[in-house]
Amino acid sequence: MTPEQVPAEPKVSRLLSRKEFMSLLIGGGATMVLAATLAEPLDTFVRDILHERATNPHEGEPNYHWAMVIDLRKCIGCDYCVWACQATNDTRDDMRWNVRVEDETPLGNVFHITRPCLHCRNAPCVEVCPVGATYHRHDGLVVMDYDKCIGCRYCQTACPYNARSFNWGEREDQNPRVPEWGNPEVPRRPRGVVEKCTFCIHRIDAGLAAGLMPGVDEQATPACVNVCPVNARFFGNLNDPTSSVARIVESMPTLRLREDLGTEPSVYYIPPEGLIS
Amino acid sequence: MTAMNPAQPSGAEPVIPKSSGMRISMRFLLWIGLLIVMLTIGAISGIHVLLNGLEVTNLSDELPWGLWITVDLSSIGLGAGAFTLSAAVYIFGLKRFESIARAAVLVGLLGYSSAMLALFIDIGRFDRFYHPLIYWNVHSVLWEITMCVVLYTTVLAIELLPVIVESTPLRRIGILVKFSHFLHRLMPIVALFGMGLSLLHQSSLGATYGILTARPFWYSPSAPVLFILSAIAAGVSLTLFVTLLSSKLLHRELVPADVINNVARFVGFACLAYLYLKLWSWAATNYYSHVPEQQLGAEILAQNTPYNFTFWFGEVVFGALVPAIFMLWGRIRQNRNAIMLAAIMVIAGLVINRWNMTLSGFVIPLDWSPGVRDIFPINTYEPALVEWGVAIGIVAYSWFVFTLGVRFLNLYPGTGSHEHHDA
């Protein structure tokens, strides 16, 4: 009813009719939404096609072989290593990378056993992964490429140690161990990929780059090793005969989990009294 | 090679009857209606999973594979009729089996596409479904399976294309007709390639479980061979079944009686071969030897699951033994209903086997701790409603497309078939 609307009506050469304007708006909006949704997958797709591996610059140094020793005689089952790992690597209670169970010797003596990823030399998970999303670094670490993983979960099926957890949904939980046991040092993993213990790979790589020695300098050492109140965990380079882990493995009887399967784990256990290895 | 459609009266006659007689019966409408309901359930469930992730399923880190993997393994196994019958026709020169080979190819294509659908929903990152094609881990049986399945689905599409061209208005496009004639000439090579791929991946599917040292109940060199033998028996059975069912509903002989007779006998022998290996595989690991982990696993399964029972009755007795008798005993084989019943038993036997195989390995907990206490609980799984929904949708998809196929494609050359199909 406004006065200017009356002359506007017969004007023939108006740029856009209301209908045209609306369809342009909707069409444009839809295109933008579509582009925004597709941009990332398309980008990944193109990168994949070009075999560009932007995500894994660290292949590890071959003169290292990272290994862990866990002394079952000392372990008191306090769960500190479990919680420190959860805080540092930001995992939920039901997808812990490092777990503890209570077991007993044939004579009924109770002992506690904690289990990170064992970083097997013949890792079944690496062998079965159809896309090579989990692979060996030169320094013995078995690591995940979250950008490659398709979430088929064959690695979970193949792992004899149940060391892998799957992101069944998008993570929205509050980490129950933060900040008491530390703060997350790595981003949360996206929905639909498998994850597992990395021996705190981010600390190892950053530490080495800063001239520190993993297993010696705390900053370069896995969180579970640092936090242990009874020093039951040792970490270091198995290729270096002077490292703590090499000396223990050399001089003491140790056992590895399910040695009968031939997986050759990089985690060694000092057995408790009365457990024949 | 020979003309595409040897039994068809030469030339002129159009393949689709000028639909004066294409009456749509009430029964057909009901069937289509049912399938549409099932497809809707499937679509809703599928979208629910894609939007919310796999946490809506009942799967867990201890038992990460379930109903969908069973669907996937079963539909690939049931698609094996395609390579078997194509090989019979194009490699071994048994031309008369061509009357049933086309239906087998359609069944195969539906089986493989169903499997791919199931896997698409089942993987955590469906947006990366193409990764196995780009990132190769040649040491992984699952990689080999993925490549073979993709290539073999292409083979099936090539085998089916001439049928589609000749039975639809596409036949008016000259270049397509020429192309499909060309493909038809290539068929022996295509069939050979398809047989090679099938022999590889049908057995590798068994190897998926058979190679896992971590799970003593799976770890077995006979698993790959058992998988391919059961797939051959059940895949051909499914083709036989849908053919006989279509015949019954259309009140018309779609495939000559001697072909049915011979295919049924072949299934009987395949069942016997399967049975032979299966029994020995069981006896060697569970009767004549005493591997502690195997025995413990068997005990756990017997106490906690019906798999012991379903193994003997679902897989062995009614999945292979009884149908073998039905298919091999000449007097029983005269009866079409008996053949159909036996075929259903073989098909059900394969599905039960794939379910038992998948679940039994997971139900028995891993034991990695060096002590003597049983710390790890037995794993349980009951598919969630949404998992059933997706499975129903996938099954409905294959039934729906097969129904359309029987109606609109010249699946059974020489009979001018395509009337309605129902079940």
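Residues numbered from 1 in each chain as written. Chains lettered and ligands numbered in written order. Predicted model: local features only at pLDDT ≥ 70, side-chain atom pairs only at ≥ 80, totals over all residues.

## Quick notes on the interface of chain A and chain B
Selection rule: Any residue pair is listed as a contact if its two C-beta atoms, each placed from the backbone, are within 7 Å. Segments assigned H or I by DSSP are reported as helices when at least four residues long, segments assigned E as strands when at least two residues long, and all are numbered from the N terminus. When residue character is reported, Ala, Val, Leu, Ile, Met, Phe, Trp, Tyr, Cys and Pro are called nonpolar, Asp, Glu, Lys and Arg charged, and the others, Gly included, polar.
Contacts between chain A and chain B engage 45 residues on the former and 35 residues on the latter. Among the secondary structure elements, those contributing two or more residues to the side of chain A that touches chain B are α2 (18-49), β2 (99-104), β3 (110-115), α4 (124-128), α5 (154-158) and β6 (164-166) of chain A. At four residues, the largest contribution of residues to the side of chain A that touches chain B is made by α5 of chain A. The residue inventory of the side of chain A that touches chain B, partitioned by class, reads 26 nonpolar, 10 polar and nine charged.

## Details of the domain arrangement of chain A
Put simply, the rule is: An automatic or database domain assignment is the source of the domain bounds shown.
According to the domain assignment, chain A consists of domain 1 (12-49) and domain 2 (66-270). The centre of domain 1 of chain A, based on its C-alpha atoms, is set 47 Å off from the matching centre of domain 2 of chain A.

## As for the packing of helix α2 (residues 67-78) of chain B against helix α4 (residues 98-122) of chain B
Residue and element names in this part refer to chain B. As a reminder of what qualifies: Simply put, an axis is a line fit to the C-alpha atoms, just over the touching stretch for a helix, and the angle between two N-to-C directions goes from 0 to 180 degrees. We call two directions roughly parallel when the angle between them is under 35 degrees, roughly antiparallel when it is over 145, roughly perpendicular when it lies between 65 and 115, and oblique otherwise. The sense of a crossing depends on the near helix, which, turned anticlockwise from the far helix by less than a right angle, makes the crossing left-handed and, turned clockwise, makes it right-handed.
With their axes 8 Å apart at the nearest point, α2 and α4 run at an angle of 160° to one another. The orientation of α2 relative to α4 falls into the category roughly antiparallel. Note on packing geometry: the crossing formed by α2 with α4 is left-handed. In contact with Trp68, Ile69, Val71, Asp72, Ser75, Ile76 and Leu78 of α2, α4 contributes Gly111, Tyr112, Ser114, Ala115, Ala118, Leu119, Ile121 and Asp122. Looking at the contact of α2 with α4 residue by residue, the classes come out as 10 nonpolar, three polar and two charged.

## Here we look at the confidence of the model for chain A
In plain terms, the rule: pLDDT is a residue-level measure of predictor confidence that goes from 0 to 100.
The pLDDT averaged across chain A works out to 89; a share of 89% of its residues lies at or above 70. Note on residues 53-57 of chain A: pLDDT under 50 across the span, and four contacts to partners over four residues away in sequence or across chains.

## Regarding unusual backbone geometry
Residues and elements named next belong to chain A. Note the cut-off: Buried, partly exposed and exposed are defined by the number of other C-beta atoms within 10 Å of a residue's own C-beta, namely 20 or more, between the two limits, and 12 or fewer respectively, with C-beta atoms placed from the backbone.
Residue Val178 is joined to Pro179 through a cis peptide bond whose omega torsion reads 5°. Mapped onto the secondary structure, Pro179 falls in the loop between β6 and β7 (194-196). The backbone of Cys200 sits at a positive phi, close to 50°, despite the residue not being glycine. When you line up the elements, Cys200 lands in the loop between β7 and α6 (201-209). Residue classification places Cys200 among the buried positions, given that 28 C-beta atoms sit within 10 Å.

## With respect to the pairing of β2 of chain A
All names here are of chain A. Definition in use: Two strands are said to pair when DSSP picks up at least two bridges between them.
The pairing of β2 with β3 spans six bridges and is antiparallel. Residue pairing for β3: Val99 is matched across the bridge by Arg115. Hairpin connection between β2 and β3: a loop of five residues separates the two successive antiparallel strands, and Gly108 in this loop has a positive phi of roughly 90°.

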